[in-house]
Amino acid sequence: MARPAGNTRLKSARMAAGYHSQQALADALKVGVRQVRRWESDTPPWPQPDVAQALTRLLGQDLESLGFATSDGPRSDRVRRAVLADTAAGAGLPTVPTQAVPVQPASVAQDFAAVTRSHRRLYWSVAPATLHPAALSHAALGCALLLETAGQTRERTAAALAETWLLAARIEFFDLRDADRAQQTLVRALQAAGEANASLLGATILAHSAFIPAWAGEREAALERMTAARTYARRGPACANLLAWLDAVEAECETRCGSTRKALKLIQHAEDVLAAGSDHPSPEWLDWFNPVRLAAFKGNTQLKAGHLPQARETLQNAFDALSPSDDKQRTVVLGDLAAVEAAAGNPDEACRQALRALDGLERAWYAMGMDRVREVRRALVPHQHEPCVRELDDRLYDWSTAISALSR
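Residues numbered from 1 in each chain as written. Predicted model: local features only at pLDDT ≥ 70, side-chain atom pairs only at ≥ 80, totals over all residues. Heavy atoms only, no water.

Further remarks concern the overall build of the protein. When helices and strands are counted, the protein shows 20 helices and 0 strands. Residues counted as buried form 53% of the 408 residues belonging to the protein. Here the analysis covers contacts within the protein between residues at least 6 apart in sequence; of these, 68% occur between residues at least 24 apart. Looking at the protein as shown, the accessible area adds up to about 18100 Å², and 52% of this sits on carbon and sulfur atoms. (Helix = DSSP H or I, 4+ residues; strand = E, 2+ residues; numbered from the N terminus. Buried < 20%, exposed > 50% of the residue type's maximum accessible area, 1.4 Å probe, protein only. Contact = heavy atoms within 4.5 Å. Areas by Shrake-Rupley, 256 points an atom, 1.4 Å probe, with all protein chains shown as cover.)

Here is the structure:
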């Protein structure tokens, strides 16, 4: 017989919130690890009210969403309402409601989702500092609408809300470089995806959360989150594009943690998955990944592995295949091309590519693109007295670039 899965909702929320072991959560709650094991069992007991408030505050979800049964009726309702209010106040974010009084028409979900789609498209051209508060305000509206919708209307609204929280988290992590805030926002996104029963969105949110420990070099924590993401994806049906993206994310995690050989194997698997395709369409919200983006992942990994000729060819092919709207990604690829030349001992060509990246950053700011240029400049320290490097410095630290970096 198959072994019982236990309370997977609590385990997934624990990992998403950064508590990578039962002991870590127990220490944060000041309870015994045995208690956490009981909560993650098939029949989790209801926590005491004070512990329940602390638990939901830490994990950013109400007790029902964390997999606790509500057979005790009125008592659970009282605790849940108290916990929701306390969680919202503690995190400074609107909570995702779990009860609804339907007063809105069915069209509200479509209208709310239309704004979500518009924000998603605006991400590629609007300055992050401008779009971010708009996305947060839209998320607050979505939370309010969940109180006034039910059934499929509520599920569709919750799915669009999850997309909005995910967009906000992407801005916070990739553009504003605020990993702690992105972690909190991703928990909100996962909660909303749970309300929508949107497992593929859940997989995507969990995979984004893996970037956070990976950037800090915490490989085990990153891979644990990827395991959770793949578990959600299996509840699918997941398309080839999503499955390949999960491989690409895990490859990025491995690359960040120094395991380039494993990363290249994952990328090869992603290429095979895309080549094989699937009968399931790619979700509309998965607009940040395609074969060209996978090639950019591959080129960066080849660069980090020291495979410079291969990296140069892969990155140049990816650059040539980018669409005119891929301004942000173009700055990243140019930065990596510059890094290839810096590593190959070609400072003139490295500076030329870095200057092209800075040109792109003037049109479409992207923190990751600027990070790539700065990495190139650090690699050029042995050549810093050469005219090409001084020209790069003049551009990298001119008034417009410095002001743009500070204002965005």
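A few words now on the packing of helix 14 (residues 291-304) against helix 16 (residues 327-343). Two numbers describe how helix 14 lies on helix 16: the axes approach to 10 Å, and their chain directions differ by 25°. Regarding the angle of helix 14 to helix 16, the classification is roughly parallel. In terms of crossing hand, the pair formed by helix 14 and helix 16 is left-handed. Along the contact surface, helix 14 presents Arg293, Ala296, Asn300 and Leu303, while helix 16 presents Gln329, Val333, Asp336, Ala339 and Val340. Taken together, the residues of the contact of helix 14 with helix 16 break down into 5 nonpolar, 2 polar and 2 charged. (Axes fitted to C-alpha atoms, helices over the stretch in contact; angles between N-to-C directions. Parallel < 35°, antiparallel > 145°, perpendicular 65-115°, else oblique. Left-handed = near helix turned anticlockwise from the far one by under 90°. Nonpolar A, V, L, I, M, F, W, Y, C, P; charged D, E, K, R; others polar.)

Cis geometry is adopted by the peptide bond preceding Pro237, which originates at Gly236 and carries an omega value of 15°. Structurally, the position occupied by Pro237 is in the loop between helix 11 (219-234) and helix 12 (240-256). Of note, Lys30 is a non-glycine position whose phi angle comes to about 60°, a positive value. By secondary structure assignment, the location of Lys30 is in the loop between helix 2 (22-29) and helix 3 (33-39). Of note in the backbone geometry, Asn197 takes a positive phi value of approximately 55° without being a glycine. Counting through the fold element by element, Asn197 comes out in the loop between helix 9 (179-196) and helix 10 (199-215).

Counted according to the given criterion, the structure contains 11 aromatic pairs. With centroids separated by 5.1 Å and ring planes inclined at 80°, the aromatic side chains of Phe173 and Phe174 adopt a geometry described as edge-to-face. The exposure class assigned to Phe173 is buried, which follows from its relative accessible area of 7%. For Phe174, a relative accessible area of 7% gives the class buried. Between Phe173 and Phe211, the ring centres sit 6.3 Å apart and the planes meet at 20°, which makes this aromatic pair stacked. You can see Phe173 sitting in helix 8 (residues 151-175) and its partner Phe211 sitting in helix 10, a full 38 residues away along the chain. Ring pairing ties together the aromatic residues Phe173, Phe174, Phe211 and Trp215, which thus form one cluster. (Phe/Tyr/Trp six-rings, centres within 6.5 Å; stacked < 30°, edge-to-face > 60°.)

Before going further, it helps to examine helix 7 (residues 128-146). Look at helix 7: 27 Å from first C-alpha to last across 19 residues, which is about the 27 Å you get at 1.5 Å a residue. Three or more residues of helix 7 are buried, namely Pro128, Leu131, His132, Ala135, Leu136, His138, Ala139, Gly142, Cys143, Leu145 and Leu146. Residues of helix 7 that are buried in the fold lie against helix 6 (107-122), helix 8 and helix 9. (Expected span 1.5 Å × (residues − 1).)

One pass over the full model with this rule turns up 22 salt bridges. For Arg177, the salt bridge goes to Asp371, with nearest N and O atoms at 2.4 Å. A residue pair is termed long-range when its members are at least 10 positions apart, and Arg177 in the loop between helix 8 and helix 9 and Asp371 in helix 18 (residues 367-379) qualify at 194 residues. Judged by relative accessible area, which is 23%, Asp371 ranks as partly exposed. Salt bridges here are not isolated pairs; linked through shared partners, they connect Arg117, Arg120, Glu163, Glu284 and Asp287. (Salt bridge = Lys/Arg side-chain N within 4 Å of Asp/Glu carboxyl O.)

This part is about the environment of Glu172. Secondary-structure assignment places Glu172 in helix 8. Residues Glu172 and His132, spaced 40 residues apart in sequence, show a C-alpha to C-alpha distance of 8.0 Å. In this view, Glu172 contacts His132, Leu136, Arg177, Asp178, Arg181, Ala182 and Thr185; residues no more than four positions away in its chain are not counted. From its side chain, Glu172 meets the backbone nitrogen of Ala182 in a polar contact 3.4 Å long. (Polar contact = N/O pair within 3.5 Å; in protein donor to acceptor, adjacent residues only side chain to side chain.)

Summed over the entire model, instances satisfying the criterion amount to 5 cavities of 30 Å³ or more. Here the largest cavity defines a volume of roughly 340 Å³. Lining the largest cavity we find 20 residues, and of these Phe174, Phe297, Gln329, Tyr366 and Met368 sit closest to its centre. At the level of elements, helix 8, helix 10, helix 12, helix 14, helix 16 and helix 18 are the ones that each hand at least two residues to the lining of the largest cavity. When grouped by side-chain class, the residues that make up the lining of the largest cavity number 12 nonpolar, 3 polar and 5 charged. As a volume, the second largest cavity reaches approximately 110 Å³. Residue lining of the second largest cavity: Arg120, Tyr123, Trp124, Glu163, Leu166, Leu167, Arg170, Leu201, Trp285, Asp287 and Trp288, and that is the complete set. In terms of residue count, helix 8 provides more of the lining of the second largest cavity than any other element does, 4 residues in total. Per-class residue counts for the lining of the second largest cavity are 7 nonpolar, no polar and 4 charged. (1 Å grid on protein atoms, 1.4 Å probe; cavity = no way out; pocket = protein on both sides within 12 Å on 5 of 7 lines; lining within 4 Å. Points joined across faces, edges and corners; volume = space filled by probe spheres on them.)

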